[in-house]
Amino acid sequence: MEVRTLDDVPASAFHLRLALIAGGGPFCDGYILGIIGVVLPLLVSSFHLGANATGLVGAASLAGVFVGGLAGGVTSDRFGRKILYTVNILMFTVFSAAQFFCASFAGLLVWRFLIGIAIGADYPIATAYVTEFMPRRWRGPALSGLITFWWLGYVCSFIIGYALLSFFPDNWQLILGSSFVPSLLLLLCRAGMPESPLWLLSVGRAAEARQIVKTFLKMDIAFDASSTAPSAGGMRQAMGLLWSPRYRGLLLFVCAFWILQSAPAFSIHTLQAQILAQMHLTNPILAACVVTCFTFLGILPVTFGLINKIGRRTLLIWSFVLAALSLLFIVVWPGQAGWAILVAFIVYSAVEAAGSGLQFVYPNELFPTEIRGTAVGFASSASRLGAAVGTFLLPVGVAHFGVRATLFAAFGLLALGALISWRWAPETAGLSLSQASHITLS
């Protein structure tokens, strides 16, 4: 059999299967996080929620993601990718079903928080899994493809949620519990997937790693020396290495751009219907569905090669710039909300989605195997904490300062993201995992 490295193996049917099954997790993530945006107006009327309580509902699952990202990342680095790859989807399934039987506001917050933990755990596990199997040519598209699946789930949540709302206008439990169906299907699909060979190698189990490669990729692999670094061990050791001078700058960059993308995005998307209603747009829920569907204008070109063609750095900078300008247009538009405002929100959604394709790419490429899960988990937790704060504060800001003033604050965050990306974003397109993980920031 031919001897290659994992970075240079040809794409195979197994890689496609792996990418599709891994993408099921982000699909469920997007569906679960998006469906709350459909039922939020119903929850507001059912429970007579004020601005603070409305923000709390939207932020509950995001707060859970903060906990799950940290726990899932460290645990997957310590005990492997495989077992948690299935366990966290089981949590999706159980907690999704629990929402169907929920009857109280307090219970809803609890289940949304717990399901957020499962979502947060999936980010570092699934992305590390894809990164450590995928050849370098397909790594960027595959990782951004996970974000495409996330947006697909998000869009489906609005479409299916809107349809269910039409037939069951008062049954928010049914609409939230509908995430049980994709979660159960994914649970069945993920059974039988192998352990990551690079993780096995990092803990000294080279024979098992080579056997998995022979079985699933049908070839021998020459593992490079950087793949045999010792495992980071427990949480304290992993965090210590992550915050060492060698990786601290990279971690701060990844956290910063991810937070500055997510904080405005989650708050705007979750409360899109309420924002459009405040701007007196006719049928705001349907308009929010239309805006959300146009996210694919941004993310699909990224997944199908744009991320390699123009590079990671250029994509990140310009996504921030264009997203900021679209929100600034909404802020300064002098007329009534109408087609121009709707188009501006569509532009924002498309370019924000394009930039979000890098959220799984950068942290998985810039950090080595022994702390890859921990790095992704930490960065995703930081981003979702920022998103939770933004989602909680947006309705409060709208209530006290108005929609345009609040969107201007979001514009400021995006402008800061553009500046940080221009200053620190590295280029990793075309590099092997070993080469990318040797990049440093001054």
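Here the structure is a predicted model, which is why all the values come from computation and not from measurement.

Asker: Would you mind going over the overall build of the chain with me for this structure?
Answerer: Looking only at helices and strands, the chain has 20 helices and 2 strands in total. The C-alpha radius of gyration computed for the chain amounts to 21 Å, which stays within 12% of the reference 22 Å derived for 442 residues, consistent with globular compactness. With the C-alpha coordinates of the chain rotated into their principal frame, the extents come out at 65 × 45 × 40 Å. Per-residue burial over the chain gives 60% buried out of 442 residues. Partitioning the intrachain contacts of the chain with sequence separation of at least 6 by distance along the chain shows that 86% fall at a separation of at least 24.

Asker: Explain the side chain of glutamine 173 here, please?
Answerer: Note that glutamine 173 resides in helix α6 (residues 172-177). Dropping the residues within four chain positions of it, glutamine 173 is found in contact with Gln99, Phe100, Cys102 and Ala103.

Asker: How should the packing of aromatic side chains be read in this particular structure?
Answerer: Any two aromatic rings considered together are summarised by their centre-to-centre distance and by the angle between their planes. Throughout the structure, instances matching the rule amount to 20 aromatic pairs. A connected cluster of aromatic rings, assembled from ring pairs, spans Phe14, Tyr129, Phe133 and Phe216. Sitting above the plane of the phenylalanine 79 ring, arginine 78 keeps its charged end 5.4 Å from the centroid.

Asker: Can you help me understand the confidence of the model for the chain in this one?
Answerer: For any part of a model where pLDDT is low, the fine detail of the predicted coordinates should not be relied upon. Across the chain, pLDDT averages 84, with 95% of residues at or above 70. Looking over the chain, one finds the lowest element-wise mean pLDDT in strand β1 (residues 3-4), namely 56, and the highest in helix α15 (residues 312-332), namely 94. Of the regions scoring below 50 in pLDDT, residues 225-230 engages in 9 contacts with residues more than four places distant in sequence or in other chains.

Asker: Explain the packing of helix α18 (residues 369-401) against helix α19 (residues 403-424) here, please?
Answerer: If you want to describe how two helices pack, look at the angle between their axes and the distance between the axes. Packing of α18 against α19 leaves a shortest axis separation of 7 Å and a crossing angle of 135°. When the axis of α18 is compared with that of α19, the two are oblique. Residue-level contacts link Leu394, Gly397, Val398 and Phe401 of α18 to Val403, Ala405 and Thr406 of α19. Of the residues belonging to the contact of α18 with α19, the class tally is 5 nonpolar, 2 polar and no charged.

Asker: Explanation requested: unusual backbone geometry in the structure shown.
Answerer: Residues apart from glycine generally show negative phi values, whereas peptide bonds are mostly found in trans. The residue histidine 48 is not glycine, and still its phi comes out positive at about 55°. Mapped onto the fold, histidine 48 is located in the loop between α1 (13-47) and α2 (51-79). Overall, histidine 48 belongs to the exposed group, its relative accessible area being 71%.

Asker: I'm lost on the state of the cysteines in this one. Help?
Answerer: Evaluated as defined, the whole model comprises 0 disulfides. Left unpaired, cysteine 28 is separated from the closest cysteine sulfur, that of cysteine 189, by 10.0 Å. Judged by relative accessible area, cysteine 189 falls into the partly exposed class, the value being 44%.

Asker: Honestly, helix α16 (residues 339-356) in this entry has me stumped. Any pointers?
Answerer: Here α16 spans 25 Å end to end across 18 residues, near enough to the 26 Å set by a 1.5 Å rise per residue. Most of α16 sits inside the fold, with 14 of its 18 residues counted as buried.

Asker: Explain α18 here, please?
Answerer: In an α-helix there are 3.6 residues to a turn, and that puts residues three or four apart on one side. Across its 33 residues, α18 extends 46 Å between first and last C-alpha, which sits within 8% of the 48 Å expected from 1.5 Å per residue. Of all the bends in α18, the greatest, near 30°, is centred on leucine 393, and the proline proline 395 appears no more than four residues after it. One or two residues past the end of α18 sits glycine 402, with phi positive at roughly 95°.

Asker: Any chance you could explain the pattern of salt bridges here in plain terms?
Answerer: The final tally for this structure, using the stated rule, is 7 salt bridges. Note that glutamate 132 and arginine 81 form a salt bridge whose closest N and O atoms lie 2.6 Å from each other. With glutamate 132 in helix α4 (residues 105-133) and arginine 81 in the loop between α2 and α3 (82-100), this pair connects stretches of sequence that are 51 residues apart. The exposure class of glutamate 132 is buried, given its relative accessible area of 1%. Taking the relative accessible area as the measure of exposure, arginine 81 reaches 0% and is therefore buried. Between arginine 372 and glutamate 132 there is a salt bridge, with the nearest N and O atoms lying 2.9 Å from each other. Of this pair, arginine 372 sits in helix α18 while glutamate 132 sits in helix α4, placing them 240 residues apart in sequence. Taken as a pair, arginine 372 and glutamate 132 share a single burial class, namely buried. Each of the salt bridges in this network shares a partner with another, and the network as a whole consists of Asp77, Arg81, Glu132 and Arg372.

Asker: Please clarify how the packing of α15 against α16 should be interpreted in this entry.
Answerer: Across the interface, α15 lies against α16 with an axial gap of 8 Å and an inter-helix angle of 160°. On the basis of the axis angle, α15 is roughly antiparallel to α16. Two packed elements cross with a definite hand, and for α15 against α16 that hand is left-handed. For the pair α15 and α16, the contacting residues are Leu315, Ser319, Leu322, Ala323, Ser326, Leu327, Phe329 and Ile330 in the first and Ala340, Ile341, Ala344, Phe345, Val347, Tyr348, Val351, Ala354 and Gly355 in the second.

Asker: Got a minute to help me understand the environment of isoleucine 21 in this structure?
Answerer: Tracing the backbone shows isoleucine 21 in helix α1. The exposure class of isoleucine 21 is buried, given its relative accessible area of 10%. Through-space distance from the C-alpha of isoleucine 21 to that of valine 321 is 33 Å; in sequence the pair is 300 residues apart. Look past the residues within four positions of isoleucine 21 in its chain and what remains in contact with it is Tyr85, Leu186, Cys189, Arg190 and Met193.

Asker: Would you mind showing me how to read the side chain of serine 267 here?
Answerer: Along the chain, the position of serine 267 falls in helix α11 (residues 245-270). A polar contact is formed between the side chain of serine 267 and the backbone oxygen of alanine 263, at a distance of 2.9 Å. There is a polar contact of 2.9 Å between the side chain of serine 267 and the backbone oxygen of proline 264. With near-sequence residues (within four places) excluded, serine 267 lies in contact with Ser262, Gly390, Thr391 and Leu394.

Cut-offs used in this document
Residues numbered from 1 in each chain as written. Predicted model: local features only at pLDDT ≥ 70, side-chain atom pairs only at ≥ 80, totals over all residues. Heavy atoms only, no water. Helix = DSSP H or I, 4+ residues; strand = E, 2+ residues; numbered from the N terminus. Rg over C-alpha atoms; globule rule 2.2 N^0.38 Å. Buried < 20%, exposed > 50% of the residue type's maximum accessible area, 1.4 Å probe, protein only. Contact = heavy atoms within 4.5 Å. Phe/Tyr/Trp six-rings, centres within 6.5 Å; stacked < 30°, edge-to-face > 60°. Lys NZ or Arg CZ within 6 Å of the ring centre and 35° of its normal. pLDDT = per-residue confidence, 0-100. Axes fitted to C-alpha atoms, helices over the stretch in contact; angles between N-to-C directions. Parallel < 35°, antiparallel > 145°, perpendicular 65-115°, else oblique. Nonpolar A, V, L, I, M, F, W, Y, C, P; charged D, E, K, R; others polar. Disulfide = S-S within 2.5 Å. Expected span 1.5 Å × (residues − 1). Bend = angle between axes of the 7 residues up to and from the residue. Salt bridge = Lys/Arg side-chain N within 4 Å of Asp/Glu carboxyl O. Left-handed = near helix turned anticlockwise from the far one by under 90°. Polar contact = N/O pair within 3.5 Å; in protein donor to acceptor, adjacent residues only side chain to side chain.

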